[in-house]
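# Examining the three-dimensional arrangement
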Amino acid sequence: MLSTILIIGGGQAGAQAIDTLRREGYQGRLVLIGDEPELPYQRPPLSKKYLSGEMAADRLPFRHRSFYEEHRVELRLGNRAARLDAAARQVELADGETLSYDRLLLCLGAESRRITCPGAALLGVHYLRGLADVGPIQMGFKPRSRIVIIGGGYIGLEAAATARKMGCEVTVLEMADRIMNRVVAPCVSRYFAQEHAAHGVNILCDTRVVRLEGEGRAERVVCADGTSHEADLVVVGIGAVATTALASEAGLACDNGIVVDEFCRSSDAAIFAAGDCTNHPSPRYGRRVRLESVDNAFEQAKTAALNMLGREVAHDRVPWFWSDQFDNKLLIVGLSQDYDRQVLRGDPGSRSFSVCYLKGRELLALEAVNHSKDYMAARKLIAERVLLDPDKLGEGERPLKEAV
Amino acid sequence: MPKIVFIEPGGARREIDAPLGITLMEAARQNGVDGVVAQCGGACACATCHVYIDPEWLAKLEPPEDMETGMLENAWQPQGNSRLSCQIHITAEMDGMLVRVPERQG
């Protein structure tokens, strides 16, 4: 019989694990430890509707406080887990409390990758990851403020779109030759670059930042080509790294994330991990992956919870992702690495199209721009490894599921 | 505050007070209605907040946009009265609305 389960990390994964554990009949002590003071809340709106002010703060939490009371969840929020002693099965909190566990679930998430160039520590340089990060950015997003965004990935571009909607003058500096280069096809990059340009965002690719200058506060961003960009506020979105210090210091195997098996079990049999912080096997793609995605956090947390209760359930999912920029919705399903053929469906000029990634006749991934039908159809085709006819795929008018 | 009646997958009936201005999905999730998963949190990106609206109430709602329809077509067992609950904003006229939650999502 398990008598105590501890969950460290109050994000999507932590919140979901609580739900699954109680639904599946776990009656023992359940403690949620989170370094942020808020009840578990949704992160995706932080760069979108919450940042713009369209969404109120009381809509961010997954559940009301009463949910945690009814489900007898002891909350230790605003309290960091400082040390993990895996041999003694104990966690020491920053305030000195020590908690013992039978099973521990680590939902540590990921943290913003920091810039390291000279001037990186100046005031006015912001990262966007948690609720506490939003306020200072929001305050700087005033009409005609000059906002410089370093990094043309999801976070940078969503922040750019939001800043522009709020009336700021926005410049995005991207090191690669196109925006979102690691996650989408060139034609999707091109489409979004055009959308941003049409809304007045200044996107500069092949542009490497070498230093930030200013008296105490960042006032300009200087690039390798000698150009410099005046800034009232700088937002940095250059990716994230898995949060693993607690786990690695406790001796758990970590390698670009906490290494877990398909049951979300770490190298210690009593410790599980879920979400952005894990390096886990993907049965569908036959390799280990680390994903930053709501879906993965949710599904791994569910799987981890079931396995903590002794059910043998493997995590085997096709991941999906989305991004909102201006009135465009980018939907991505699957992982496109190792593809041998890309097929465009529809016409980007129509503002609704998709890109298929094939390996032989199998669909590995699909990127859909304002095309929910292809996206939803692809989720099934990828998971079931349906063999497709690449020639029929290119006929944008033919429903994707009929291209077999 | 309008009351919404959810029938959960197991058949249990849940009456929820739904504040104006939030979505049907948010009302369900905040109160822990079983089966409304809502992974994407209302971005119309996952189709895991799929519900069946009682036909009597369906016509009183704003019709779905193309994005939602495209999602629903490939959701689990879509019907004529299928909607994504994240796309429905609570109004005073919805007091008493009956909503069935499908047995599974996706």
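Residues numbered from 1 in each chain as written. Chains lettered and ligands numbered in written order. Predicted model: local features only at pLDDT ≥ 70, side-chain atom pairs only at ≥ 80, totals over all residues.

Once that is clear, we can look at the overall build of chain B. A tally of helices and strands in chain B yields three helices and five strands. For chain B, the succession of helices and strands along the chain, N to C, is β-β-α-β-α-α-β-β. For chain B, whose C-alpha radius of gyration is 12 Å, the value lies close to the compact-globule estimate of 13 Å for 106 residues. Its C-alpha atoms put chain B at 30 × 30 × 25 Å along the principal axes. Here chain B holds 106 residues, and the buried ones make up 44% of them. In chain B, the share of contacts with a sequence separation of at least 24, taken over all contacts with a separation of at least 6, comes to 66%. (Helix = DSSP H or I, 4+ residues; strand = E, 2+ residues; numbered from the N terminus. Rg over C-alpha atoms; globule rule 2.2 N^0.38 Å. Buried ≥ 20, exposed ≤ 12 C-beta atoms within 10 Å, placed from the backbone. Contact = placed C-beta atoms within 7 Å.)

All right, on to the overall build of chain A then. A tally of helices and strands in chain A yields nine helices and 26 strands. For chain A, the C-alpha radius of gyration of 22 Å lies close to 22 Å, the compact-globule estimate for 404 residues. Along the first, second and third principal axes, the C-alpha atoms of chain A reach 60 × 60 × 35 Å. Residue burial in chain A is summarised as follows: out of 404 residues, 46% are buried. Long-range contacts, defined as pairs at least 24 residues apart, comprise 61% of the intrachain contacts of chain A with a sequence gap of at least 6.

Our focus in this paragraph is the nonpolar core. In this structure, A:Ala17, A:Leu105, A:Leu106, A:Cys107, A:Val234 and A:Ala274 are the most contacted members of the largest nonpolar core, which totals 148 residues. Setting aside its immediate chain neighbours within four residues, A:Ala274 contacts A:Ala13, A:Ala17, A:Leu105, A:Cys107, A:Cys264, A:Ala297, A:Gln300, A:Ala301 and A:Ala304. (Core = buried A, V, L, I, M, F, W, Y, C linked by C-beta atoms within 7 Å.)

All right, on to the sheet that holds strand 10 (residues 146-150) of chain A then. All names here are of chain A. What the five strands build is an open sheet, ordered 9-16-10-11-12; its pairing is parallel. Each end of this open sheet is capped by a strand with a single partner; those strands are strand 9 (125-127) and strand 12 (202-204). Neighbour to neighbour, the strand axes of the sheet diverge by 20 degrees on average, direction disregarded. Seen against the sheet, helix 3 (residues 131-140) touches strand 9 and strand 16 (233-236) and runs at an angle of roughly 130 degrees to strand 9. (Pairing = 2+ DSSP bridges. Axes fitted to C-alpha atoms, helices over the stretch in contact; angles between N-to-C directions.)

This brings us to the packing of helix 8 (residues 372-383) of chain A against helix 3 (residues 66-73) of chain B. Where helix 8 of chain A meets helix 3 of chain B, the closest approach of the two axes is 7 Å, and the angle between their N-to-C directions is 20 degrees. For the element pair helix 8 of chain A / helix 3 of chain B, the angle class is roughly parallel. Considering the relative orientation of helix 8 of chain A and helix 3 of chain B, their crossing is right-handed. Between helix 8 of chain A and helix 3 of chain B, the residues in contact are A:Ser372, A:Lys373 and A:Met376 and B:Met67, B:Gly70, B:Met71 and B:Glu73, respectively. Residues of the contact of helix 8 of chain A with helix 3 of chain B, tallied by class, amount to three nonpolar, two polar and two charged. (Parallel < 35°, antiparallel > 145°, perpendicular 65-115°, else oblique. Left-handed = near helix turned anticlockwise from the far one by under 90°. Nonpolar A, V, L, I, M, F, W, Y, C, P; charged D, E, K, R; others polar.)

Moving on, we come to the interface of chain A and chain B. Listed by partner, the interface residues are 20 residues for chain A and 16 residues for chain B. Within the residue set of the side of chain A that touches chain B, elements represented by two or more residues are helix 7 (294-308), strand 22 (320-325), strand 23 (328-334) and helix 8 of chain A. Counting residues per element, the side of chain A that touches chain B draws most heavily on helix 8 of chain A, which supplies five residues. Residue classes in the side of chain A that touches chain B are distributed as ten nonpolar, three polar and seven charged.

Residues and elements named next belong to chain A. Taken domain by domain, chain A comprises domain 1 (4-111 + 240-308), domain 2 (125-236) and domain 3 (327-402). Put simply, the middle of domain 2 and the middle of domain 3, counted by C-alpha atoms, are 29 Å apart. In this assembly, seven residues from domain 2 lie in contact with eight residues from domain 3. Each residue belonging to the side of domain 2 that touches domain 3 can be placed in one class, and the counts come to six nonpolar, no polar and one charged. (Domains from an automatic or database assignment.)

As a further point, take the sheet that holds strand 5 (residues 97-100) of chain B. Residues and elements named next belong to chain B. Spatial ordering of the open sheet is given by 2-1-5-3-4, a layout of five strands whose pairing is mixed. Of all strands in the sheet, those with a lone pairing partner are strand 2 (13-17) and strand 4 (82-84), marking the two edges. Direction aside, the axes of adjacent strands within the sheet are offset by 35 degrees on average. Relative to strand 5, strand 3 (residues 50-53) runs antiparallel, the two being bridged by two bridges. For Tyr52, the partnering residue across the bridge sits in strand 5 and is Arg100.

Of the residues in chain B, 100% have a pLDDT of 70 or more, and the chain-wide mean is 94. For this predicted complex, the interface confidence reaches an ipTM of 0.91, while the overall pTM sits at 0.95. (pLDDT = per-residue confidence, 0-100.)

Moving on, we get to helix 4 (residues 154-165) of chain A. Residue and element names in this part refer to chain A. Between its first and last C-alpha, helix 4 extends 16 Å over twelve residues, near the 16 Å set by a 1.5 Å rise per residue. Burial within helix 4 is extensive, with eleven of its twelve residues counted as buried. Among the residues making up helix 4, those that are buried are Tyr154, Ile155, Gly156, Leu157, Glu158, Ala159, Ala160, Ala161, Thr162, Ala163 and Arg164. Residues of helix 4 that are buried make contact with strand 10, strand 11 (169-173), helix 5 (186-198), strand 16 and strand 22. (Expected span 1.5 Å × (residues − 1).)

Summarising the element assignment, A:Asp58 is placed in the loop between strand 2 (29-34) and helix 2 (65-70). Each C-alpha atom, one on A:Asp58 and one on A:Tyr41, is 9.5 Å from the other, the two residues being 17 residues apart in sequence.

Further remarks concern unusual backbone geometry. Residue and element names in this part refer to chain A. Phi angles above zero are rare outside glycine, and Arg89 is one such case at about 50 degrees. Relative to the elements of secondary structure, Arg89 occurs in the loop between strand 4 (81-85) and strand 5 (90-93). Here Arg89 falls in the partly exposed class, since 18 other C-beta atoms lie within 10 Å of it. In the Ramachandran plot, Met180 falls in the positive-phi region, its phi being about 50 degrees despite a non-glycine side chain. Relative to the elements of secondary structure, Met180 occurs in the loop between strand 11 and helix 5.

Our next topic: the pairing of strand 2 of chain A. Residue and element names in this part refer to chain A. Pairing of strand 1 (residues 4-8) with strand 2, which is carried by five bridges, proceeds in the parallel orientation. Looking across to strand 2, one finds that Leu6 is bridged to Val31. Regarding topology, helix 1 (residues 12-23) serves as the crossover connection from strand 1 to the parallel strand 2, and that connection is right-handed. In the sheet, strand 2 pairs with strand 3 (residues 73-77) via five bridges, with the strands oriented parallel. Directly across from Leu30, in strand 3, lies its bridge partner Val73. Considered for its hand, the β-α-β crossover made up of strand 2, helix 2 and strand 3 is right-handed. (Right-handed = clockwise from strand over helix to strand, strands pointing away.)

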